[in-house]
Amino acid sequence: MSPGLDLSNCTALVTGASRGIGRAIARRLAAKGVAVWGMGRVKTELDQLAAETGGSSLVADLSEDSSVWGAVERLTDEIQGSPDIVVNAAGVFGLATCATESVRAFDESLAVNLRGAFLVIRSLLPGMIDRGDGLIINIGSVSGRKAYRENAAYSASKFGLRGLHGVLLEEIRGSGVRATLVEPAATDTALWDEVNPDNNPALPSRSQMMQPEDVAEAVVFAVTRPSSVCVPLIQIEPA
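Residues numbered from 1 in each chain as written. Predicted model: local features only at pLDDT ≥ 70, side-chain atom pairs only at ≥ 80, totals over all residues. Heavy atoms only, no water.

Now for the pattern of salt bridges. All told, the structure shown has 12 salt bridges when counted by the stated rule. The shortest N-O distance in the salt bridge between Asp 61 and Arg 41 comes to 4.0 Å. Here the residue Asp 61 occupies a position in the loop between β3 (56–59) and α3 (65–79), and Arg 41 occupies one in the loop between β2 (35–40) and α2 (43–53), the gap between them amounting to 20 residues. A residue is classified by how much of its surface remains accessible, and Asp 61, at 17% relative accessible area, is buried. Close ionic contact of Arg 162 with Glu 183 constitutes a salt bridge, the shortest N to O distance being 2.8 Å. Of this pair, Arg 162 sits in helix α5 (residues 152–172) while Glu 183 sits in strand β6 (residues 177–184), placing them 21 residues apart in sequence. (Salt bridge = Lys/Arg side-chain N within 4 Å of Asp/Glu carboxyl O. Helix = DSSP H or I, 4+ residues; strand = E, 2+ residues; numbered from the N terminus. Buried < 20%, exposed > 50% of the residue type's maximum accessible area, 1.4 Å probe, protein only.)

In structure tokens:
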């Protein structure tokens, strides 16, 4: 079934559902009647979310291929195909200059924020194309279109995701499958805990940031468009 105004018979996979934006999206979709499968690394958090939403949990590390393949296989076996909605919301974040960023942190950012999204898309897109419908939502960032100091790893991954999304749009045109890139400005999640932006005048304070629920509402907007309508890009920022 294609996502649209009636979501009561839809299924969704949301990565990064353990916390933050992914968790808010999973909750909001569940409130609209979607059967949500939350994927993440923290089993206790995923199980709590599943109990709250009536959904299911998939423990997986997006930086490990076998972990992703196994989780996706369990999902597709259970629902007999690809879900109606896929939301790539998992992400890691840190601040460091090009001169000080570690190779390990750079690789982790690419592995989770970009390569992980590709793994999920690569796993589930063929089934969507065969079925002739489905919606893929990639959660990008303002850092995927604008350069900021100390964002070398994060921007590289999010600019990459923007490029991947653009190619995806071209390749699914006319297939019945749709895709949306949501690019939020700074959002108040646990990713900022170690950075402590309130003590850095170069960063917005947490009180100035958007909330995860704001991003979730943008996702719901994309999901509830008629199947004849594609929303390629949504950019959101504080008013």
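Let us now look at the environment of Asp 77. Note that Asp 77 resides in helix α3. Residue classification places Asp 77 among the partly exposed positions, given a relative accessible area of 48%.

To continue, consider the packing of aromatic side chains. Under the counting rule described, the total for this entry stands at two aromatic pairs. Plain terms: the ring middles of Phe 93 and Tyr 154 are 4.9 Å apart, the flat faces sit at 85 degrees to each other, and that makes the pair edge-to-face. Within this pair, whereas Phe 93 is found in the loop between β4 (85–88) and α4 (103–131), its partner Tyr 154 is found in helix α5, the two being separated by 61 residues in sequence. Overall, the relative accessible area of 12% leaves Tyr 154 in the buried class. Between Phe 93 and Trp 192, the aromatic rings sit 4.8 Å apart at their centres with planes inclined by 55 degrees, giving tilted as the arrangement. Residue Phe 93 is located in the loop between β4 and α4, and its partner Trp 192 is located in the loop between β6 and α6 (212–223); the two are separated by 99 residues in the primary sequence. Taking relative accessible area as the criterion, Trp 192 reaches 9% and is therefore assigned buried. One aromatic cluster in this structure is built from Phe 93, Tyr 154 and Trp 192. (Phe/Tyr/Trp six-rings, centres within 6.5 Å; stacked < 30°, edge-to-face > 60°.)

Moving residue by residue along a regular strand, the side chains alternate between the two faces of the sheet. Within strand β5 (residues 134–139), six of the six residues are buried, which leaves it mostly tucked inside the rest of the structure. Taking every second residue as pointing to the same face, both faces of β5 are buried, with Gly 134, Ile 136 and Asn 138 on one and Leu 135, Ile 137 and Ile 139 on the other. For β4 and β5, the ladder comprises four bridges, and the chain directions are parallel. Looking at β5, one finds that Ile 85 is bridged to Leu 135. (Pairing = 2+ DSSP bridges.)

A few words now on helix α1 (residues 20–31). Since one α-helical turn is 3.6 residues long, residues separated by three or four positions face the same way. The terminal C-alpha atoms of α1 lie 17 Å apart, and with 12 residues this matches the ideal 16 Å at 1.5 Å per residue to within 8%. Of the positions making up α1, those classed as buried are Ile 21, Gly 22, Arg 23, Ala 24, Ile 25, Ala 26, Leu 29 and Ala 30. Where α1 is buried, its residues meet β1 (11–15), β2, α2, β4, β5 and α6. (Expected span 1.5 Å × (residues − 1). Contact = heavy atoms within 4.5 Å.)

Turning to the nonpolar core, a few remarks are in order. Among the nonpolar cores identified, the biggest contains 34 residues, and Ile 25, Leu 29, Val 87, Ile 137, Ile 139 and Val 182 are the most heavily contacted of them. Of all the secondary structure elements, the ones that give two or more residues to this core are β1, α1, α2, β4, β5, α6 and β7 (233–236). Among the elements that line this core, the one with the most residues is α6, at seven residues. Once residues within four sequence positions are removed from consideration, Ile 137 is found in contact with Val 86, Val 87, Asn 88, Thr 180, Val 182, Val 219, Ala 222 and Val 223. (Core = buried A, V, L, I, M, F, W, Y, C linked by side-chain atoms within 4.5 Å.)

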